[in-house]
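Chain by chain, the residues:
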Amino acid sequence: MKLCDLHSHSTFSDGTFTPTQIVALAEELGLSAVALTDHNTSKGLPEFMKAGEHSSVETIPGCEFSTDWEGHELHIVGLFFSEEKWAEVEDYVELLNMAKKNSNLKLIKNLNDAGYEITYDEVAKSTDASEFNRAHVAKILLKKGYASSMDDAFKNILREDLGYYIPPKRLNALTTIRFIKDNGGAAILAHAFLNLTYEELEIFLPQAKEAGLDAMETLYSKFSDEETTRAKELVKRFGLKESGGSDFHGTNKPDIQLGSGMGNLKIPLKFMEKLTV
């Protein structure tokens, strides 16, 4: 069975592999196709698509948008953006990235006030991303000995309810789905059970389908067997297609491998093929 991975991150957001390295790894692992879906940016796509020209792996240009639905953070993946639409993606997320920068400035100030010696510039210089996120901050905290692991940094310093991190205002989920569709992309709800309950999905999915949602990830690294089964029930019930992805971040999520996630993933290429129909 030919396999793919429709959800991965590079150094242009919070991953540790360059777009070129992701393509090379996908080829090494025998994947037939791989998508680059960096958070709220298309800036890694030129390098990614160029690398695909010299690979047996089909490269799929995408973006993962951070959105809000009734107070819930939802991530919507857009796939198959043509090159002429990449600038449209950047324009769409511009206000979000400005809000993200303000959020980061507040985070660094709050950490400084609490005695953590960390600067905005040193975190910004650690990544090619337009704006860093908590994973980059966690890495600096780990390097300086303030945390014993990335997980420790998130749980005991950067968790939202601890007050240091104040999330930026996010894009509207339904508006983002419409944006993806208006720009020729396929709109996919990512890792739904990390953000919503089954009952909440029963409310959200009809609204999202009306807005143009194409698919939902049914195969995801951190889904239990039960969650995968329930996700498949939901896509069938609401007439959606299936998608799947590892959510690969390189060494920032060392337990997740491209293509196979935590060892439990086999995402059929037919998922990608059906999304293009």
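Quick caveat, the model's predicted, so the values are computed rather than measured.

Points about helix α8 (residues 198–211)
Then, number 1: Between the first and last C-alpha of α8 there are 20 Å, a value that for 14 residues agrees with the 20 Å anticipated at 1.5 Å per step.
Then, number 2: The largest bend in α8 comes to about 30 degrees, at Phe 204, with the proline Pro 206 one to four residues further on.
Then, number 3: The set of residues buried in α8 consists of Tyr 198, Leu 201, Phe 204, Leu 205, Ala 208 and Ala 211.
Then, number 4: Trailing α8 by a residue or two, Gly 212 shows a phi angle of about 125 degrees, which is positive.

Section: helix α2 (residues 45–52)
Given 3.6 residues per turn, any residue in an α-helix points the same way as the ones three and four places further on.
Then, number 1: Of all the positions in α2, only Leu 45, Phe 48, Ala 51 and Gly 52 are classed as buried. With its buried residues spanning 130 degrees around the axis, α2 presents them on a single face.
Then, number 2: Where the residues of α2 are buried, they touch α1 (19–28), β2 (33–36), β3 (58–69) and α3 (86–113).

Quick notes on the packing of aromatic side chains
Then, number 1: Scanning the model with the defined rule gives 11 aromatic pairs in all.
Then, number 2: Seen from their ring centres, Tyr 92 and Phe 179 are 4.1 Å apart, and the 5 degrees between their planes marks the pair as stacked. Of this pair, Tyr 92 sits in helix α3 while Phe 179 sits in helix α7 (residues 173–182), and the two are 87 residues apart along the sequence. Pair check on accessibility: Tyr 92 and Phe 179 agree, each one buried.
Then, number 3: Between Tyr 116 and Tyr 146, the aromatic rings sit 5.0 Å apart at their centres with planes inclined by 75 degrees, giving edge-to-face as the arrangement. Of the two residues, Tyr 116 is situated in the loop between α3 and α4 (120–124) and Tyr 146 in the loop between α5 (134–143) and α6 (150–158); the sequence distance between them amounts to 30 residues.
Then, number 4: Judged by its relative accessible area of 30%, Tyr 146 is partly exposed.
Then, number 5: Linked through ring pairs, Phe 65, Phe 81, Tyr 92 and Phe 179 together constitute an aromatic cluster.

Re the packing of α8 against helix α9 (residues 225–237)
Then, number 1: Put simply, α8 and α9 touch, their axes get as near as 11 Å, and they point 20 degrees apart. Judged by the inter-axis angle, α8 sits roughly parallel to α9. The two elements α8 and α9 meet at a crossing, and its hand is right-handed. Where α8 approaches α9, its residues Tyr 198, Leu 201, Glu 202 and Leu 205 are matched on the opposing element by Arg 230, Glu 233, Leu 234 and Arg 237.
Then, number 2: Tallied by class, residues from the contact of α8 with α9 come to four nonpolar, no polar and four charged.

Notes on the pairing of β3
Then, number 1: Burial analysis of β3 places 10 of its 12 residues in the buried class, which makes it a mostly covered element.
Then, number 2: Strand direction decides the pairing type here: β3 and strand β4 (residues 72–79), joined by eight bridges, are antiparallel. Residue pairing across strands places Trp 69 opposite His 72, the latter belonging to β4.
Then, number 3: Between β3 and β4, which pair antiparallel and follow one another directly, the connecting turn spans two residues, one of which, Glu 70, has a positive phi of 50 degrees.
Then, number 4: Sheet analysis places β3 next to strand β5 (residues 171–172), joined by two bridges and oriented parallel. Along β5, the bridge assignment pairs Asp 68 with Asn 172.

Topic: the pairing of strand β6 (residues 186–189)
Then, number 1: On β6, burial covers both faces: Ala 186 and Ile 188 on one face and Ala 187 and Leu 189 on the other are all buried.
Then, number 2: Direction of pairing for β4 relative to β6: antiparallel, over a ladder of four bridges. Bridging from a neighbouring strand, Val 77 pairs with Ile 188 of β6.
Then, number 3: Pairing analysis gives two bridges linking β6 to strand β7 (residues 215–220), with the strands arranged parallel. Bridged to Leu 189 within β7 is Met 216.

Thoughts on the state of the cysteines
Then, number 1: Within this structure, the stated rule accounts for zero disulfides.
Then, number 2: Considering cysteine sulfurs only, Cys 4 is the nearest to Cys 63, which forms no disulfide, with 19 Å between them.

Topic: the nonpolar core
Then, number 1: Counting 50 residues, the largest nonpolar core has Phe 65, Ile 177, Leu 189, Leu 201, Phe 204, Leu 205 and Met 216 as the members making the most contacts within it.
Then, number 2: With six residues, α8 is the largest single contributor of residues to this core.
Then, number 3: Ignoring anything within four residues of it in the chain, the contact list for Leu 201 reads Leu 189, Ala 192, Phe 193, Leu 196, Pro 206, Met 216 and Leu 234.
Then, number 4: Counting residues in each nonpolar core, the second largest holds 19 residues, with Leu 107, Ile 118, Ala 135 and Ala 153 among its members.

Cut-off values and rules
Residues numbered from 1 in each chain as written. Predicted model: local features only at pLDDT ≥ 70, side-chain atom pairs only at ≥ 80, totals over all residues. Heavy atoms only, no water. Helix = DSSP H or I, 4+ residues; strand = E, 2+ residues; numbered from the N terminus. Expected span 1.5 Å × (residues − 1). Bend = angle between axes of the 7 residues up to and from the residue. Buried < 20%, exposed > 50% of the residue type's maximum accessible area, 1.4 Å probe, protein only. Arc of directions from axis to C-beta. Contact = heavy atoms within 4.5 Å. Phe/Tyr/Trp six-rings, centres within 6.5 Å; stacked < 30°, edge-to-face > 60°. Axes fitted to C-alpha atoms, helices over the stretch in contact; angles between N-to-C directions. Parallel < 35°, antiparallel > 145°, perpendicular 65-115°, else oblique. Left-handed = near helix turned anticlockwise from the far one by under 90°. Nonpolar A, V, L, I, M, F, W, Y, C, P; charged D, E, K, R; others polar. Pairing = 2+ DSSP bridges. Disulfide = S-S within 2.5 Å. Core = buried A, V, L, I, M, F, W, Y, C linked by side-chain atoms within 4.5 Å.

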